[in-house]
Amino acid sequence: MIKIQLPDGSIREVPKGTTPFDIANSISPRLASAVVVARIRALAPIASTTTEAALEASEEAMYSSHTAGSDAARIVDLNLPLTEDVALELLKENDPAALKVVRHSAAHVMATAILELFPETKLGHGPATDNGFFYDVYREVPFTEADLAAIETRMADVVKRDEPFIRVEESREKGLTDYAAQGEFMKLHFIERFTKPGDEISLYKNGNFTDFCRGPHVPSTGRVKAFKVMSIAGAYWLGDEKNQQLQRIYGTAFFNPKDLEAHFKHLEEVKARDHRVLGKQLDLFSIQEVAGAGLIFWHPKGGLIRKTMEDWMREDCIRRGYHMVFTPHIMRRELWKISGHEENYGENMYPPMELDDAEYRLKPMNCPGHVLIYKNSPKSYRDLPQRYAELGNVYRYERSGTMHGLLRVRGFTQDDAHIFCTPDQIESEIESCIDFAEAVLKTFGFHQFQVELSTWDPADKKFIGSPEMWASSVGSLTRVLERKNIPYKTIPGEAAFYGPKIDIKLVDVLGRLWQLSTVQFDWNLPARFDLEYVGEDGERHQPVMVHRALFGSVERFFGVLIEHYAGAFPMWLAPVQVALVPISEKHLDYAYSVKARLEAAGLRVELDTSNNKMQGKIRDFGLQKIPFILIMGDKESATNSVSVRVRAKGDEGSVTLDAFLERATKLVTEHSMEL
């Protein structure tokens, strides 16, 4: 017999080999029909740093027969025989983990349909994603958009057949032999990469379809109730353009048609907020093909917003005790060797340029430049902390096909800062950085965020430093988060190579997460560059270093702002804050005087002096999403007033110019999100 602990804390003794479905059915047949998948955790845990989130998010999780330590929660099939004492949760449709399992199962349903229609196709892998699923496939004759409809129709047939998902195990050697005979080169690769000689591998079967997979899956194809095949894109096998060109077929799945419909409404809203479309419509920025992919040209209106963002950031940096610095765009290659970027980040840097005296590289980071500024003069403990901030242009080689408007670029402006301090000061400096990050997000209209603490993986050779250093630095970040009562998720293996980090992900108006702000601990660069300060004891000591970026990059943050506000920026950020519409030519003189008053108060104003009709002028300004449109006719000219139209609210009637001016300037000075 084995012991099963249920979520209410009760313990049941059941025969070894009992499945989660058996337990669900013993509680209630209705429950058994509602559960999708199970989560188990051993009752006698063994210490392990592997989390369920990290395991399920990894590519290895799809194929490896080696799972997390016995203390790690695992998502398992309902028909898995239980052979040890475990805590058991029965997950229904309201659990996010269950939705991911449904999507993974939908990927298998899609692969089944593809092979039934196009049996010559070779399969790669088909994971669930945050928004759906995909499957990588290879076929000599590429799939077309027209094929997607046929695949979706056949998927409906596979679902209707309600075929059970059956897990079977066989030897690694048999799997390699069978897949080699079928010419399934991608499946061979996954077996060879993620399993070892002597392993048993797991396969999942439904009907005549078999796939190499760790699972888990829903009980049967009939549980994939609401799905859609969405699009197709090209990709090279293993990301190498010398290999076969694959196709990635995307889809999504939900538990019911209502959720599927809501998802597509959400996608329509996302599409309406696309910063690339709005950037063109509002004339904010462009990417010029003749200049190169991933390089941004800021147009006058976008430039005004950027200046406003940067002015606010610089002023707040200075107020918080930072020194503004500037460093060169290119530096000798030797510098990047000393910093470790050449070795650990070289593939993301532009190739060296050979000049008269040495090889140079475009900077991907500002940090080595700030290190040199620190090192330029002796420092005492009385001089610390030293806080250097820079909105510096950096250049990173993003691969073709990965660029995406302002969100993924090759040249961008990083609002970088580096803080050099004593070990005793590190936690207070980290806390101040988090406070600053929260102020940035709230000032720009974001009030929800999630925090992740990224730590190292001792088995990964990319990480440098001793276990003692990592334990100390992770401990510092952890204590700050806990002292500030900030909930966080630990992400093992995602630290920077030189130290752990805190990532702050904002939540936009559509509920999407964006990685922007980061605070990182670093002892690597101070050691590599032999940084020193003279302590109270008169001896030389090595400072510790904090990296922090709050916008992340001006470009990415601006892109997120466009989508968050759908281009309708708050008053203080809007490139044109007030538009003026004189009803006729005889009201022009008064309109010019109003313009002068508003501009003298620091407002950004645009006056339409064209011969267009008033309604046409109002419509055009409305399309530009300008916060206020002021209309001026005989009455307004005679009473020194303006007729006010407010974006998204409409006509508010006439007010005195003084009253409007007071309202508008207050909105700007208070950085108000409302009009």
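Residues numbered from 1 in each chain as written. Predicted model: local features only at pLDDT ≥ 70, side-chain atom pairs only at ≥ 80, totals over all residues. Heavy atoms only, no water.

This paragraph deals with the overall build of the protein chain. The helix and strand inventory of the protein chain stands at 21 helices and 32 strands. Dimensions of the protein chain along its principal axes, counting C-alpha atoms only, are 90 × 75 × 60 Å. Look at the contacts in the protein chain between residues 6 or more apart in sequence, and 71% of them connect residues 24 or more apart. When the accessible surface of the protein chain is summed, it comes to about 31,400 Å², and 50% of that surface belongs to carbon and sulfur atoms. Both charge centroids of the protein chain, one from 81 positive and one from 96 negative side chains, sit 3 Å from each other. (Helix = DSSP H or I, 4+ residues; strand = E, 2+ residues; numbered from the N terminus. Contact = heavy atoms within 4.5 Å. Areas by Shrake-Rupley, 256 points an atom, 1.4 Å probe, with all protein chains shown as cover. Lys, Arg positive; Asp, Glu negative; His and termini not counted. Charge placed at Lys NZ, Arg CZ, Asp CG, Glu CD.)

Running from amino to carboxyl end, helix α10 (residues 300-319) crosses helix α17 (residues 554-565) at an angle of 110 degrees, the nearest separation of the two axes being 11 Å. When the interaxial angle is binned, α10 and α17 end up roughly perpendicular. By crossing handedness, the relation of α10 to α17 is classed as right-handed. Contact residues: Gly302, Ile305, Arg306, Met309 and Glu310 in α10; Val554, Glu555, Phe557, Phe558 and Leu561 in α17. In the contact of α10 with α17, the residues fall into six nonpolar, one polar and three charged. (Axes fitted to C-alpha atoms, helices over the stretch in contact; angles between N-to-C directions. Parallel < 35°, antiparallel > 145°, perpendicular 65-115°, else oblique. Left-handed = near helix turned anticlockwise from the far one by under 90°. Nonpolar A, V, L, I, M, F, W, Y, C, P; charged D, E, K, R; others polar.)

Now for helix α8 (residues 257-272). Across its 16 residues, α8 extends 23 Å between first and last C-alpha, which sits within 8% of the 22 Å expected from 1.5 Å per residue. The opening residue of α8, the one whose side-chain oxygen lies 3.1 Å from the backbone nitrogen of Lys258, is Asn256. (Expected span 1.5 Å × (residues − 1). Polar contact = N/O pair within 3.5 Å; in protein donor to acceptor, adjacent residues only side chain to side chain.)

With respect to the helices and strands, Gln520 occurs in strand β24 (residues 513-522). Side-chain polar atoms of Gln520 contact the side chain of Tyr498, separated by 2.3 Å. Excluding residues that lie within four positions of it along the chain, Gln520 makes contacts with Ala496, Tyr498, Pro500, Lys501, Met545, Val546 and His547.

In this section: helix α7 (residues 185-194). Considered for burial, the residues of α7 that qualify are Met186, Lys187, Leu188, Phe190, Ile191 and Phe194. Buried positions along α7 lie against β6 (122-123), β7 (133-138), α6 (172-181), β9 (200-206), β10 (209-212) and β12 (245-254). (Buried < 20%, exposed > 50% of the residue type's maximum accessible area, 1.4 Å probe, protein only.)

Below, the discussion takes up the packing of helix α18 (residues 588-600) against helix α21 (residues 657-669). One can describe the packing of α18 onto α21 by two numbers: an axis separation of 11 Å at closest approach and a directional angle of 35 degrees. Here α18 runs over α21; the crossing is right-handed. For the pair α18 and α21, contact is made by Val594, Arg597 and Leu598 and by Leu657, Asp658, Phe660 and Leu661, respectively. For the contact of α18 with α21, the per-class residue count stands at five nonpolar, no polar and two charged.

Take the pairing of strand β3 (residues 37-42) next. On a regular strand, each side chain points to the face opposite its neighbour's, so the side chains alternate between the two faces of the sheet. Here β3 lies mainly inside the structure; five of its six residues are buried. As paired elements, β3 and strand β5 (residues 86-91) share six bridges and run antiparallel to each other. Directly across from Arg39, in β5, lies its bridge partner Glu89. By the bridge criterion, three bridges tie β3 to strand β4 (residues 74-76) in an arrangement that is antiparallel. (Pairing = 2+ DSSP bridges.)

Looking now at the nonpolar core. Core analysis: the largest hydrophobic core is formed by 65 residues, its most contacted members being Met309, Ile430, Phe444, Ile502, Phe557 and Phe569. A per-element tally of this core places helix α14 (residues 426-443) first, with eight residues. Those residues in contact with Phe569, other than ones at most four positions away along the chain, are Leu284, Ile305, Phe558, Leu561, Ile562, Ala574, Pro575, Pro627 and Arg647. In terms of nonpolar packing, the next biggest core, distinct from the first, is built from 42 residues, Leu99, Phe133, Tyr135 and Phe165 among them. (Core = buried A, V, L, I, M, F, W, Y, C linked by side-chain atoms within 4.5 Å.)

To continue, consider the pattern of salt bridges. Enumeration according to the criterion identifies 42 salt bridges in this entry. Between Arg333 and Glu359 there is a salt bridge, with its nearest N and O atoms 2.7 Å apart. Pair noted here: Arg333 is in helix α11 (residues 333-339) and Glu359 is in strand β18 (residues 359-362), with a separation of 26 residues, a long-range link. Judged by relative accessible area, which is 22%, Arg333 ranks as partly exposed. Relative accessible area serves as the criterion here: at 32%, Glu359 is assigned to the partly exposed category. In this structure, Lys363 engages Glu390 in a salt bridge whose closest nitrogen and oxygen atoms are separated by 3.4 Å. Residue Lys363 is found in the loop between β18 and α13 (367-375), and its partner Glu390 is found in strand β19 (residues 386-395); the two are separated by 27 residues along the sequence. (Salt bridge = Lys/Arg side-chain N within 4 Å of Asp/Glu carboxyl O.)

For the protein chain, mean pLDDT is 92; residues scoring 70 or higher make up 96% of the total. Per-residue pLDDT stays below 50 along residues 65-70; that stretch engages in 14 contacts with residues further than four places along the chain or on separate chains. (pLDDT = per-residue confidence, 0-100.)

The next subject is the packing of aromatic side chains. What the rule picks out here adds up to 24 aromatic pairs. Look at Trp456 and Trp470: their rings are 5.1 Å apart centre to centre, the planes differ by 0 degrees, and that puts the pair in the stacked class. Highlighted residues: Trp456 in the loop between β21 (449-455) and α15 (467-483) and Trp470 in helix α15, separated in sequence by 14 residues. Given the relative accessible area of 0%, Trp470 is considered buried. With 4.7 Å between their ring centres and 40 degrees between their planes, Phe551 and Phe557 make a pair best called tilted. Summarising the burial analysis for this pair, Phe551 and Phe557 share the class buried. What links up through ring pairs into an aromatic cluster is the set Trp312, Phe444, Phe446, Phe551, Phe557 and Trp572. Note that Lys379 overlies the ring of Tyr374, its terminal NZ or CZ placed 4.8 Å from the centroid. (Phe/Tyr/Trp six-rings, centres within 6.5 Å; stacked < 30°, edge-to-face > 60°. Lys NZ or Arg CZ within 6 Å of the ring centre and 35° of its normal.)

Pairing in this open sheet of three strands is antiparallel, and the strands run β16-β18-β17 from one edge to the other. Strand pairing shows two members of the sheet lacking a second neighbour, β16 (330-332) and β17 (353-354), which therefore form its edges. Pairing of β17 with β18, which is carried by two bridges, proceeds in the antiparallel orientation. The partner of Met353 across the bridge, within β18, is Tyr360.

What follows deals with the pairing of β7. Burial of β7 is extensive: five of the six residues sit out of reach of the surface. Sheet topology places β6 next to β7; two bridges connect them, and they run antiparallel. Across the sheet, Leu123 pairs through a bridge with Val137, a residue of β7. For β7 and β12, the ladder comprises five bridges, and the chain directions are antiparallel.

In the structure shown here, the tally under the stated rule is zero disulfides. The thiol of Cys421 is not disulfide-bonded; the next cysteine sulfur, from Cys433, is found 9.1 Å away. For Cys421, a relative accessible area of 0% corresponds to the buried category. (Disulfide = S-S within 2.5 Å.)

On to the environment of Asn393. Note that Asn393 resides in strand β19. In this structure, Asn393 is in contact with Arg306, His329, Lys363, Phe412 and Thr413, ignoring residues within four places of it in sequence. Within the local environment of Asn393, its side chain forms a polar contact with the side chain of Thr413, the two groups lying 2.7 Å apart.

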